[in-house]
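# Structural features, examined
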Amino acid sequence: MSKSSGNTDKNVTRKVEVAVIGAGTAGQNAFRQASKTVENIVIINDGFWSTTCIQVGCMPSKLLIAAADRAHDANHSEDFGIHTTTQIDGKRVMERVRDERSHFASYIKKQVDSWPENKKISGRAHINKQGLIEVNDELIKANKIIVATGSSPYIPDDWSDNLGDTLLTSDTVFELTDLPKSIAVIGAGSIGLELAQAFKRLGVEVTLFNRDKRVAGLKDDDINNKAIVCLNRELTMHLGSKINNVGTQTVEGEDMASAFIEYEDSAGKMQQWQGERVLVATGRRNNIEQLGIENLDVELDDKNRPKQLDKKTGQIGDLDVYIVGDANANIPLLHVASDEGYSAGNKVCKNEANAYIRPPATPFSIVFCSPQIVNVGMSLPEIQQDPELEYVIGRVSFDNQGRSRIMGVNCGLLHIYACKKTDRVLGASMVGPDAEYIGHILATAITNDISVKGLLDTPFYHPTILEGLRTALRDVQHKMEIPYQSQDAQEYSF
Ligand SMILES: Cc1cc2nc3c(=O)[nH]c(=O)nc-3n(C[C@H](O)[C@H](O)[C@H](O)COP(=O)(O)OP(=O)(O)OC[C@H]3O[C@@H](n4cnc5c(N)ncnc54)[C@H](O)[C@@H]3O)c2cc1C
Ligand SMILES: NC(=O)c1ccc[n+]([C@@H]2O[C@H](COP(=O)([O-])OP(=O)(O)OC[C@H]3O[C@@H](n4cnc5c(N)ncnc54)[C@H](O)[C@@H]3O)[C@@H](O)[C@H]2O)c1
């Protein structure tokens, strides 16, 4: 895939069938699959030969949450008649995060080490005007290019300079050697919510800011409002606030400058926050801007998303260019990066006709705060925009649900959107306990076209939190045009 003339070819240091740029989850998967049949292949990576997921993403964040949940359980057992005194060793908390991260990274290292040295290049790739890949002293001509360059934290203008060493992002927060005394978290998306709550549970003074009155980008107002109620029990949140200025100031007697945030609260009143650290979690941007992708005739929209992306294979139009994982800014989640890398790797295989191309996954996301927040399938606004889709909303509250109450985790709400006529689940949104499992069941139902009846014919063990799912499904079938069961949606089964 190059536009090079015979002239520039003279400087080419390698000619390859396939070049993979970026060795995160998507790139490694693509390389592994393509290598099954393509001998002349190279993978180029800038930075650590691990993955964002392991180094600064899914795994360290869940490790921090795991410690936080232990602390929370210990600190909230009085109701059960258990009295404890907890002492949180911040240094050990952060040490375990990094120790376990190294453990996960060692698997990847073993695999990457097994790849031939001449197929791996460490360095930052750039695609030049001739469509050739420049990296270190190499100029590579590739017939097919898989771009898997991932994404990076977005930091609003001037904030880096103004906040200096007090600024943290998900790229740096897991390097802390101890817990801070206080932290402001800006952004109530997945990263902000997960980390704000984890730090709070670990005894850090946490204040969470978000510019709109939404958490986790929830699109169903009732679920959003419920999530705010549940999260507010623990977290100080300034939703709908506008940050006007951030900076640092020296405090007498303190070694490190403290950070400040000047903001307008949701009532329009000017306020100031002051504390040790600011974690900026205001979204991520795909690493595509500096790559020179336009030199491969790839067109990007105003948000740097490739215009002609085939979501099934990552291919761009009919070019021999594939953009997979976070790099295409389609669905920046781990399982999607993994699937897209796998599909692109298969597509560029010589025996591509026989290659298995995975279908795009049913939309599905989980935020691992407590209670968890889950979205599956179509969102409510998407359904409402389609007049053909006659829908009902099956509902269950977890505030009084049997097992949830037993466990003391009874805050939550599930909405299931289902088609009145086809008896199929279209989507769901939930905040509540065990949402990760309920989400998986609903994703399975949508992916495999299982009817609401089919779901209700499945046994639900008693007493489980999953019985809440059955209550919502019964509510769905009760509201549909084709009810087939007589059980009352609100029936108590104990
Ligand atoms: C804090 C956090 C928590 C998360 N939690 C979850 C979760 O719980 N569940 C979930 O599903 N997802 C989660 N995610 C998202 C998930 O981590 C990403 O979607 C996934 O890791 C993206 O993989 P990738 O292969 O596209 O990119 P990456 O793994 O980032 O790989 C991209 C690679 O390309 C390299 N690169 C970039 N530019 C160039 C260049 N020009 N030349 C050469 N190499 C280059 C980069 O250095 C990097 O090594 C989380 C993310 C974060 C930040
Ligand atoms: N559990 C998971 O699956 C998981 C966990 C973490 C991250 N991720 C992935 O990482 C991606 C990025 O996460 P994220 O939380 O950084 O981004 P996000 O886009 O999900 O959330 C960013 C939040 O910051 C707010 N914001 C933006 N600018 C602001 C400003 N100037 N002032 C105040 N608020 C502002 C936005 O309103 C939004 O609520 C996610 O989209 C997700 O794909 C997934």
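Reading guide: rules and limits
Residues numbered from 1 in each chain as written. Chains lettered and ligands numbered in written order. Predicted model: local features only at pLDDT ≥ 70, side-chain atom pairs only at ≥ 80, totals over all residues. Heavy atoms only, no water. Salt bridge = Lys/Arg side-chain N within 4 Å of Asp/Glu carboxyl O. Helix = DSSP H or I, 4+ residues; strand = E, 2+ residues; numbered from the N terminus. Buried < 20%, exposed > 50% of the residue type's maximum accessible area, 1.4 Å probe, protein only. Phe/Tyr/Trp six-rings, centres within 6.5 Å; stacked < 30°, edge-to-face > 60°. Lys NZ or Arg CZ within 6 Å of the ring centre and 35° of its normal. Contact = heavy atoms within 4.5 Å. UniProt positions renumbered as here; feature names shortened; annotations may be inferred. Near = heavy atom within 4 Å. Polar contact = N/O pair within 3.5 Å; in protein donor to acceptor, adjacent residues only side chain to side chain. Areas by Shrake-Rupley, 256 points an atom, 1.4 Å probe, with all protein chains shown as cover.

### Description of the pattern of salt bridges
A full pass over the atoms with the stated rule returns 22 salt bridges. The shortest N-O distance in the salt bridge between Asp 46 and Arg 124 comes to 2.3 Å. Taken together, the positions of Asp 46 in the loop between strand 2 (41-45) and helix 3 (52-56) and Arg 124 in the loop between strand 3 (120-122) and strand 4 (126-127) put the pair 78 residues apart, joining distant regions of the chain. When its relative accessible area of 40% is taken as the criterion, Asp 46 is described as partly exposed. Overall, the relative accessible area of 55% leaves Arg 124 in the exposed class. Across the salt bridge formed by Glu 95 and Arg 92, the nearest N and O atoms sit 2.9 Å from each other. Separated by three residues within a single helix, Glu 95 and Arg 92 lie in helix 5 (residues 90-113), roughly one turn from each other. Overall, Glu 95 belongs to the partly exposed group, its relative accessible area being 40%. Note on Arg 92: relative accessible area 39%, which makes it partly exposed.

### Quick notes on the packing of aromatic side chains
Considering all chains together, one arrives at two aromatic pairs under this definition. Pairing Phe 31 with Trp 115 gives two aromatic rings, centres 4.5 Å apart and planes at 50°, and the pair type is tilted. Taken as a pair, Phe 31 in helix 2 (residues 25-34) and Trp 115 in the loop between helix 5 and strand 3 lie far apart in primary sequence, 84 residues in all. Like Trp 115, Phe 31 is buried. Pairing Phe 209 with Tyr 263 gives two aromatic rings, centres 4.8 Å apart and planes at 75°, and the pair type is edge-to-face. Residue Phe 209 is located in strand 10 (residues 205-210), and its partner Tyr 263 is located in strand 13 (residues 258-264); the two are separated by 54 residues in the primary sequence. Using a relative accessible area of 5% as the deciding quantity, one classes Tyr 263 as buried. A cation over an aromatic ring shows up here: Arg 285 above the ring of Tyr 154, its NZ or CZ 3.9 Å from the ring centre.

### Section: the environment of Pro 156
In this structure, Pro 156 sits in the loop between strand 7 (151-153) and helix 6 (159-163). Taking relative accessible area as the criterion, Pro 156 reaches 16% and is therefore assigned buried. Each C-alpha atom of the pair Pro 156 and Gly 283 lies 9.8 Å from the other, and the pair is 127 residues apart in sequence. When neighbours within four sequence positions are excluded, Pro 156 is seen to be in contact with Val 280 and Thr 282.

### Considerations on the UniProt feature "domain: FAD/NAD(P)-binding" (unreviewed entry) in the chain
Summarizing the sequence annotation, UniProt attributes the feature "domain: FAD/NAD(P)-binding" (unreviewed entry) to residues 17-341 in the numbering used throughout. Secondary structure within residues 17-341 divides into 29% helix and 24% strand; the distance between the first and last C-alpha atoms comes to 17 Å.

### Things to note about the site of ligand 1
As a matter of local geometry, ligand 1 sits amid 34 residues, with Ala 26, Asp 46, Thr 52, Lys 62 and Asp 326 nearest to it. Between ligand 1 and the protein, one listed contact pairs an oxygen atom with a backbone N or O atom of Gly 24 at 3.4 Å. One of the backbone nitrogen or oxygen atoms of Pro 332 is found 3.2 Å away from an oxygen atom of ligand 1. About the coverage of ligand 1: the protein hides 90% of its 1,000 Å² of free accessible area. Taken together, the elements giving at least two residues each to the shell around ligand 1 come down to helix 2, strand 2, helix 3, helix 4 (58-75) and helix 9 (334-347).

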